Amino acid sequence: MSGHALGHDRDTPTPIASNHRIASNHSIGSGSISTAPEENQRMGVIAVCNQKGGVGKSTTVFHLARAAVVAGKRVLVVDLDPQGNLTSVVTKEPLSEDEVSLADALSARTSDRLRDVIVPGVWDGLDVAPTVGTALGLVRDELIQSGPGREHRLREQLAQVTRRYDLILIDC
């Protein structure tokens with residue numbers, strides 16, 4: 001079933017391109033993202049997820065970010081991987097383990113917001129919501145134990161900065 005995703009009824013295969021606007025409107029496979037005026041809309045949010053480690057999630061986000069920046073897009077990379085490997089590669093300046101990070105924006109124990117923790121990336125047009133230290137693992141535990149509404153924290157934080165970016169890439 002290569003090239004297909006399950007439809008809403010979970011029985012009918014639907015071409016991936018019809019489910020994901022970026023796949024149908026932009027030529028990523030050829031190494032470019034179109035900047036034609038009719039396609040110069042918000043590209044949205046793409047989360048690269050897989051439970052298994054070592055399958056290229058961070059590498060995929062890195063290359064999608066680079067392609068979008070080269071095409072003149074404003075990109076936010078959100079490093080949701082507790083190891084923070086992508087953060088160490090795409091932030092302009094090295095971050096210490098005690099700096100505020102994505103974990104602070106997701107925790108109910110701090111007043112930090114996503115807009116407070118975003119740092120510049122290595123390329124013009126790239127910003128990063130970084131993961132540093134072990135705090136994201138601790139916040140994961142906090143989210144597991146919290147009550148209703150915890151599943152909306154990331155969405156609520158992203159909503160505050162979405163208009164600043166053409167594309168938001170999440171490394172899960």
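Residues numbered from 1 in each chain as written. Predicted model: local features only at pLDDT ≥ 70, side-chain atom pairs only at ≥ 80, totals over all residues. Heavy atoms only, no water.

*Asks:* Would you take a moment to explain the layout of surface pockets for this structure?
*Replies:* By volume, the largest pocket amounts to about 380 Å³. Considering the residues around the largest pocket, the lining is formed by 13 residues, among which Leu80, Leu106, Arg140, Leu143 and Leu154 are closest to the centre. Only helix H7 (135–145) and helix H8 (153–159) provide two or more residues apiece to the lining of the largest pocket. Examining the composition of the lining of the largest pocket, we find that 5 residues originate from one element, H7, more than from any other. Of the residues belonging to the lining of the largest pocket, the class tally is 8 nonpolar, no polar and 5 charged. Taken as a whole, the second largest pocket spans an internal volume of roughly 180 Å³. Taken together, 13 residues line the second largest pocket, and the ones lying closest to its centre are Gly53, Gly54, Lys57, Ser58 and Asp81. (1 Å grid on protein atoms, 1.4 Å probe; cavity = no way out; pocket = protein on both sides within 12 Å on 5 of 7 lines; lining within 4 Å. Points joined across faces, edges and corners; volume = space filled by probe spheres on them. Helix = DSSP H or I, 4+ residues; strand = E, 2+ residues; numbered from the N terminus. Nonpolar A, V, L, I, M, F, W, Y, C, P; charged D, E, K, R; others polar.)

*Asks:* Looking at this structure, how should I read H7?
*Replies:* Because the α-helix completes a turn every 3.6 residues, residues three or four places apart line up on one side. The complete set of buried residues in H7 reads Leu136, Gly137, Val139, Glu142 and Leu143. Here the buried face of H7 lies against strand E4 (75–79), helix H5 (102–106) and H8. (Buried < 20%, exposed > 50% of the residue type's maximum accessible area, 1.4 Å probe, protein only. Contact = heavy atoms within 4.5 Å.)

*Asks:* Help me understand the environment of Leu80 in this model?
*Replies:* By secondary structure assignment, the location of Leu80 is in the loop between E4 and helix H4 (85–90). The exposure class of Leu80 is partly exposed, given its relative accessible area of 21%. For the pair Leu80 and Asp171, spaced 91 residues apart in sequence, the C-alpha to C-alpha distance is 5.5 Å. Apart from residues no more than four positions distant in its own chain, Leu80 is found in contact with Leu102, Leu106, Thr131, Leu136, Leu154, Ile170, Asp171 and Cys172.

*Asks:* Could you clarify how one ought to interpret the sheet that holds E4 in this entry?
*Replies:* In sheet architecture, strand pairing relies on hydrogen bonds along the backbone and comes in two forms, parallel and antiparallel. Judged by pairing direction, the sheet is mixed, and its 5 strands sit side by side in the order E3-E7-E4-E6-E5 without closing on themselves. Bordering the open sheet on either side are strand E3 (44–48) and strand E5 (119–120), each of which pairs with just one other strand. Direction of pairing for E3 relative to strand E7 (residues 167–171): parallel, over a ladder of 5 bridges. Bridged to Ala47 within E7 is Ile170. Running over the sheet, helix H3 (residues 57–70) touches E3, E4, strand E6 (126–129) and E7 and is turned about 165° from E7. (Pairing = 2+ DSSP bridges. Axes fitted to C-alpha atoms, helices over the stretch in contact; angles between N-to-C directions.)

*Asks:* How do you make sense of the pattern of salt bridges when you look at a structure like this?
*Replies:* Side-chain pairs of opposite charge can arise whenever the charged atoms involved come near each other. Inspection of every chain in the model, using the stated rule, returns 1 salt bridge. With a shortest N-O distance of 3.2 Å, Asp166 and Arg74 are connected by a salt bridge. Taken together, the residues span a long stretch of sequence, with Asp166 in the loop between H8 and E7 and Arg74 in the loop between H3 and E4 at a distance of 92 residues. (Salt bridge = Lys/Arg side-chain N within 4 Å of Asp/Glu carboxyl O.)

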